[in-house]
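# Observations on the three-dimensional arrangement
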Amino acid sequence: MLRFVTGNEGKLHEAREYLDDVAGVEYDYPEIQAEELETIAAYGARDAYEHVGEPVLVDDAGLFVDALSGFPGPFSAYVEDTLGVARVGDLVRREGNRRARFRAVVAYCDGETAQTFAGSVRGRIVAPRGEGGFGYDPIFEHNGQTFAEMSPQEKNAVSHRGRALASFSEWFAERQ
Ligand code: ITT
């Protein structure tokens with residue numbers, strides 16, 4: 001069985017739509033400081049595999065704001081915990097350009113193979129709307145709706161994570 005290693009219930013919930021046989025594992029693998037999500041996710045997957053001893057998937061994601069040169073990017077979790085989502089929204093809305101991108105990288109490791117799969121989606125930062133999703137979803141608008149206004153299925157159909165998981169699940173199915 002595949003183990004999705006995360007402390008984030010929202011990620012696991014979204015992943016279940018793509019993976020039939022998956023169980024969540026809460027293990028706080030080290031998130032190294034790096035500019036590329038690929039580097040962080042791949043390192044985390046190898047460490048998590050050592051800890052869990054079964055095939056694992058980890059997911060590293062972030063919000064990249066154009067007007068802030070890609071910030072908070074790989075530091076998105078830290079910024080959510082410190083500044084908070086609403087203040088990030090306020091900061092960006094003071095800028096003329098509100099364009100942003102979500103990126104997600106899922107990394108798989110089974111001891112022999114380590115492989116990453118990326119997905120991204122463009123949108124713009126708006127005042128918070130919606131009750132669904134998690135993290136920055138209420139301030140990220142794509143095609144007129146924030147991610148927090150979408151059902152999990154609607155979000156997956158267009159989201160960074162949905163795209164990354166779709167490529168992973170296709171690759172994984174072929175391998176089995
Ligand atoms: P892990 O245990 O899987 O690491 P995490 O929430 O710490 O969970 P990350 O390290 O990948 O995840 O941090 C990503 C940050 O971006 C964090 O603040 C999330 O809330 C946020 N984020 C990630 N994916 C998101 C999404 O689909 N929608 C909104 N916010 C998201």
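Above this text is the structure in question.
So, here's what we can say about the structure. Here the structure is a predicted model, which is why all the values come from computation and not from measurement. (Residues numbered from 1 in each chain as written. Predicted model: local features only at pLDDT ≥ 70, side-chain atom pairs only at ≥ 80, totals over all residues. Heavy atoms only, no water.)

### Quick look at the site of the ligand
Taken together, 20 residues are adjacent to the ligand, and Thr6, Gly7, Glu80, Asp137 and Lys155 come closest. For the ligand, a nitrogen atom lies 2.6 Å from a polar atom in the side chain of Asp137. Here an oxygen atom of the ligand sits 2.9 Å away from a polar atom, N or O, in the side chain of Arg161. Calculation on the ligand without its partners gives an accessible area of 610 Å², and the protein chains cover 89% of this total. Every element with two or more residues in the shell around the ligand is listed here: strand E3 (56–65), helix H3 (76–82) and helix H6 (160–175). (Near = heavy atom within 4 Å. Polar contact = N/O pair within 3.5 Å; in protein donor to acceptor, adjacent residues only side chain to side chain. Areas by Shrake-Rupley, 256 points an atom, 1.4 Å probe, with all protein chains shown as cover. Helix = DSSP H or I, 4+ residues; strand = E, 2+ residues; numbered from the N terminus.)

### Some points on the pairing of E3
Most of E3 is tucked away: nine of the ten residues are buried. Across two bridges, strand E1 (residues 2–5) lies against E3 in parallel orientation. Directly across from Arg3, in E3, lies its bridge partner Val56. (Buried < 20%, exposed > 50% of the residue type's maximum accessible area, 1.4 Å probe, protein only. Pairing = 2+ DSSP bridges.)

### Looking at the pattern of salt bridges
In this structure the tally under the stated criterion is 14 salt bridges. Across the pair Arg3 and Glu54 runs a salt bridge whose closest N-O atoms are separated by 3.2 Å. With a gap of 51 residues between them, Arg3 in strand E1 and Glu54 in the loop between helix H2 (37–52) and E3 connect regions that are remote in the sequence. For Glu54, a relative accessible area of 27% puts it in the partly exposed group. With its nearest N and O atoms 2.9 Å apart, the salt bridge here joins Arg124 to Glu141. Residue Arg124 is located in strand E5 (residues 114–125), and its partner Glu141 is located in strand E6 (residues 140–142); the two are separated by 17 residues in the primary sequence. Taking the relative accessible area as the measure of exposure, Arg124 reaches 38% and is therefore partly exposed. Via salt bridges that share partners, Lys11, Glu14, Asp59, Asp137, Lys155 and Arg161 belong to a single interconnected network. (Salt bridge = Lys/Arg side-chain N within 4 Å of Asp/Glu carboxyl O.)

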